[in-house]
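Chain residues, written in single-letter form:
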Amino acid sequence: MGASRFLLLSTALNGVWCPGESLVPAVQFAVDALLSPRRFGSEKMAFLMTFCTFIVKVLCLPLHLIEAVGLYEIYKRVFPFCLNRISRNYNKKMYDKKKELFRSLPEFNKPGGQLTILEIGCGTGANFEFYPPGCKVICTDPNPHFQKYLKKNMVENDHLTFEKCVVASGEDMGSVESESVDVVVCTLVLCSVKNISQTLREARRILRPGGAFFFLEHVVAEPSTWAYFFQHVLQPPWYYFGDGCEVTRETWKHLEAAGFSELKLRHIEAPLMFAIKPHIMGYAVK
């Protein structure tokens, strides 16, 4: 625990718990705060979040151990199956939003040319049905175990031409030439890449001048909300079950600082569970 968090913890626990004493009063404090949040100030609520997050991290120690010894790689083989089911449900609930977002794709086609789209973290290919007919698609994903579901969606979406599939992370797509595509698509991916800024730099490198980066991402909620509280508390197990997904990221700040010539971004409330309800969507022009 960092020094600042320890200070916050010590201040908030003053009169509630001292080292060597029972944790029961502290737990009771946490329960009272959850039941009657208006009785507690922002600092004590911040402590409550830190305290609950600490407890959850302790409970997640077996997961940390599994990752440390390399057994987490087994879950990466299972994750595509889970994501395939999740993606289908997500598409049903976000169908209108995706249609709205990708409606602008043809605007970035070169006159007389074929629209070329590169998708970062394509996963199972859940976005293919929203791409305009006749465009060329390049797929990238760091997890090779998506191939089974990806090929199935390729067959089902024969209105598209698939150029190639590259096993690569968003931060390192060196096998793709610079300024070679019209559009880069990234949906529900910036939550799990290790370096958002580097991923955006790679997207700008690959885009031709005047090309666009399309995004649809879940982000952290407003700090004053219970959604924000539970996003932070549940983040430790969410990271493992979501294959590196983080629900506490302020992704829009990275987009604003990425150096695009134009950025069209808006915050929306998705019809989803509280942890992933806050979303951003839009596109940025190189």
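Residues numbered from 1 in each chain as written. Predicted model: local features only at pLDDT ≥ 70, side-chain atom pairs only at ≥ 80, totals over all residues. Heavy atoms only, no water.

Chemist: Looking at this model, I keep getting lost on helix α8 (residues 196–206). Mind explaining?
Modeler: Side chains that are three or four residues apart share a direction in an α-helix, a result of its 3.6 residues per turn. Those residues of α8 not exposed but buried are I196, T199, L200, E202, A203 and I206. Axial view of α8: buried residues confined to an arc of 155°, hence all on one face. Those residues of α8 hidden inside the fold are in contact with β1 (116–120), β4 (181–187), β5 (207–218) and α10 (251–256). (Buried < 20%, exposed > 50% of the residue type's maximum accessible area, 1.4 Å probe, protein only. Helix = DSSP H or I, 4+ residues; strand = E, 2+ residues; numbered from the N terminus. Arc of directions from axis to C-beta. Contact = heavy atoms within 4.5 Å.)

Chemist: Just checking my understanding: could you explain unusual backbone geometry for this structure?
Modeler: With the exception of glycine, the majority of residues adopt a negative phi angle, and the majority of peptide bonds are in the trans configuration. In the Ramachandran plot, E179 falls in the positive-phi region, its phi being about 50° despite a non-glycine side chain. Inspection of the secondary structure assignment puts E179 in the loop between β3 (161–167) and β4. The phi dihedral of D243 falls on the positive side, at around 55°, and the residue is not glycine. Here D243 is to be found in the loop between α9 (226–241) and α10.

Chemist: Please clarify how the nonpolar core should be interpreted in this entry.
Modeler: Soluble globular proteins tend to pack their nonpolar side chains together in the buried interior. The biggest cluster of nonpolar side chains holds 33 residues, and the ones touching the most others in it are F102, L105, I117, F128, Y131, V183 and F214. Of all elements in the fold, only α6 (95–102), β2 (136–141), α7 (147–156), β4, β5 and β7 (278–285) reach the threshold of two or more residues within this core. When sequence neighbours within four positions are dropped, the list of residues in contact with V183 reads L105, F108, L115, T116, I117, L118, L207, A212 and F214. V176, V184, C186 and I196 belong to the second largest nonpolar core, which has 28 residues in total. (Core = buried A, V, L, I, M, F, W, Y, C linked by side-chain atoms within 4.5 Å.)

Chemist: Explain the packing of aromatic side chains to me, please; I cannot follow it from the model alone.
Modeler: The description of two aromatic rings rests on the distance between their centres and on the angle between their planes. Taken as a whole, this structure holds 21 aromatic pairs when the rule is applied. Ring centres of F102 and F130 lie 6.2 Å apart, and the angle between their planes is 35°; on these two criteria the pair is classed as tilted. Of this pair, F102 sits in helix α6 while F130 sits in the loop between β1 and β2, and the two are 28 residues apart along the sequence. The pair formed by F102 and F130 is uniform in burial state, with each residue classed as buried. (Phe/Tyr/Trp six-rings, centres within 6.5 Å; stacked < 30°, edge-to-face > 60°.)

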